[in-house]
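For reference, the chains in residue letters:
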Amino acid sequence: MTSVSCHHCDSASLEMVEGYSDWRQVTSDSRSWTKGGALAVCGACGLVQKPITDEWSREADKIYESYVLYHQSRSGVEQLIAGETGLKSRSVHLIDWMRGALKLDDDGLLLDFGCGTGSTLKAFAQELPRWRLNGYDPNVKDVNVLSEIETVDGVYDRLEEIDKHFDLVTLVHVFEHIPSPAKVIRDIRRLLHPTKGRLFIQVPYFPHNPFDLMIADHSSHFTQASIASVVAGAGYDIEALRVDVLKREITIVARPGAGNWRASSVDADATVCGLRAALDWLGTVRKSMETFGDGAFGIFGTSIAAAWASSNLERRADFYLDEDRSRVGCTFFDRPIAAPSNAQRPSSIYIPLVPALADQIGERLTGFEVVAFPDDFPETFTRLGTDDAHASLG
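The rules behind these values
Along each chain, residue indices are assigned from 1 in the same order as the chain's sequence is written. With pLDDT at 70 or above as the cut-off, local features in this predicted model cover only qualifying residues; side-chain atom pairs require 80 or more to be listed or tallied, and sums for whole chains, interfaces and linings still use all residues. With hydrogens and water stripped out, all remaining heavy atoms of the structure feed into the side-chain values. Helix and strand assignments come from DSSP, with helices taken as H or I runs of at least 4 residues and strands as E runs of at least 2, each series counted from the N terminus. For every residue, the accessible area (1.4 Å probe, protein chains only) is compared with the maximum for its type, and the residue is labelled buried under 20%, exposed over 50%, or partly exposed between those bounds. Any N or O atom pair separated by 3.5 Å or less is treated as a polar contact, with the protein-specific requirement of one donor-capable and one acceptor-capable atom, and with residues adjacent in sequence counted only for side-chain atom pairs. Note on aromatic contacts: the rings of Phe and Tyr and the six-membered ring of Trp form a pair at centre separations within 6.5 Å, being stacked when their planes are under 30 degrees apart, edge-to-face when over 60 apart, and tilted otherwise. Here, over-ring charges are defined by two tests on the NZ atom of lysine or the CZ atom of arginine: distance to the ring centre within 6 Å, and angle to the ring normal within 35 degrees. Here the rule is simple: two strands pair whenever DSSP picks up at least two bridges between them. Inter-axis angles, ranging from 0 to 180 degrees, are taken between N-to-C directions of lines fitted to C-alpha atoms, where helices are fitted over the stretch in contact. In what follows, residue pairs with any heavy atoms lying within 4.5 Å of each other are defined as contacts.

K.L.:
How should unusual backbone geometry be read in this particular structure?
P.N.:
Trans peptide bonds make up most of the peptide bonds, and negative phi angles are found at most residues other than glycine. In this chain, Arg 345 is followed by Pro 346 through a cis amide linkage whose omega measures 0 degrees. Counting through the fold element by element, Pro 346 comes out in the loop between strand 19 (335-338) and strand 20 (348-350). The residue Tyr 70 is not glycine, and still its phi comes out positive at about 60 degrees. Inspection of the secondary structure assignment puts Tyr 70 in the loop between helix 1 (54-65) and strand 6 (80-83). Taking relative accessible area as the criterion, Tyr 70 reaches 12% and is therefore assigned buried.

K.L.:
What am I meant to see in the side chain of Thr 302 here?
P.N.:
Assignment of secondary structure puts Thr 302 in the loop between strand 16 (297-300) and helix 8 (304-312). Of note is the side chain of Thr 302, whose polar atom sits 2.9 Å from the side chain of Arg 327.

K.L.:
Can you help me understand the packing of aromatic side chains in this one?
P.N.:
Both the distance between ring centres and the angle between the ring planes are used here to describe each pair of aromatic rings. On inspection of all chains with the given rule, the structure shows 15 aromatic pairs. Arranged with centres 6.5 Å apart and planes meeting at 40 degrees, the rings of Phe 206 and Phe 381 form a pair that is tilted. Note that Phe 206 is positioned in the loop between strand 12 (198-204) and strand 13 (220-221) and Phe 381 in helix 10 (residues 379-388), a separation of 175 residues in sequence. For the residue pair Phe 206 and Phe 381, the accessibility class agrees, reading buried in each case. Ring geometry for Phe 211 versus Trp 281: centroids 5.6 Å apart, planes at 70 degrees, classification edge-to-face. With Phe 211 in the loop between strand 12 and strand 13 and Trp 281 in helix 7 (residues 268-291), this pair connects stretches of sequence that are 70 residues apart. No difference in accessibility class separates Phe 211 from Trp 281, as the two residues are buried. Within the aromatic cluster, the residues linked to one another by ring pairs are Trp 23, Phe 206, Phe 211, Trp 281, Trp 308, Phe 377 and Phe 381. The side chain of Arg 189 reaches across the aromatic face of Tyr 236, ending 5.9 Å from its centre. Stacked on the ring of Phe 297, the Lys or Arg Arg 315 has its end atom at 4.1 Å from the ring centre.

K.L.:
Would you explain the sheet that holds strand 8 (residues 109-113) in this entry?
P.N.:
Pairing in this open sheet of 7 strands is mixed, and the strands run 10-9-8-11-12-15-14 from one edge to the other. Both edges of this open sheet fall to strand 10 (152-156) and strand 14 (236-242), since each of them pairs with a single strand only. Sheet twist, expressed as the average angle between the axes of neighbouring strands with direction ignored, equals 20 degrees. Here strand 8 runs beside strand 9 (residues 132-136); their pairing, made up of 5 bridges, is parallel. Across the sheet, residue Leu 111 finds its bridge partner in strand 9, namely Asn 134. Its contacts with the sheet put helix 2 (residues 90-101) on strand 11 (168-172), strand 12, strand 14 and strand 15 (249-256), and the angle it makes with strand 12 is roughly 135 degrees. Across the sheet, helix 5 (residues 181-188) lies against strand 8, strand 11, strand 12 and strand 14, angled at about 155 degrees from strand 12, the strand it touches most.

Next up, the structure:
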């Protein structure tokens, strides 16, 4: 049955965002997807979401049939990203933060929900070798590879088969893929240790990264307020809610409880206005990329933003730049990936990333004819993040 109601609270008051279907979308593994789709805001709970229609479900299934995470790197290794502790994989950055902020014990029992190719499991095995590890994924492609990780005890494709109590259950870039997300973490509650079990979730934060809105298989696009409402409504007390653990991402830690979140009022009209402004901003990015520079043309990055730009430009890049050595020498959109130090010159480079990050990267790129990046976000979009910063625990 086709659903036209909110997939979190079941309200029928979904307000559609005009202009969304004019763009080609991308997949969460950074491939081009079709033009179309829909984006909506729930007038009751405020969740920004894709309406879960039969068509959306069919397209998501089709995406996952050919899903290849980190295909743009050698051996499919996890992307390296810059953080306070240097250039490391996302998983290692998160473990570094958890060890300090959550004071993780040296040993424990982990379930990685949506374990995929095992990035989180491998990082835990490396960084916390006394932890016993388990993975769950209904679409796991190679159980044997995950089972070969030294401290992995089990890999499951059915949640009801798991009969353990975990110190930590992680959902790293999984929650945004799941329609009716509260139901999933209600089911997870029985798997958490009754006194010390914690739920750890990390998702993209679209007020700091509008490119996330263009990912076809993301069913939810969270603010701090909306993800806190979902988690608390599923019977959890929120221990931490941060947007500074990794840039452009929300990190939330919770324990089973009565729900300590006090939701503010929902202004769906303001959210829709901000989302339309984000689409307009994307339009200015595309326009500037079509017209800047002469001669050879390179795009910085090989992930979502670069995939979106490559999917929506008439102009084709001659090459891509990336500072992640695991990607240098590979290809993206059938073009070579080069390190900044050995890229083709003379050439012009566009950095289709959020302005603050693009500015920082631009300072490191020297010897190119032109290095360009987007203008600042419009105020109506920026306000979504400013208002969201007032989110608080009750």
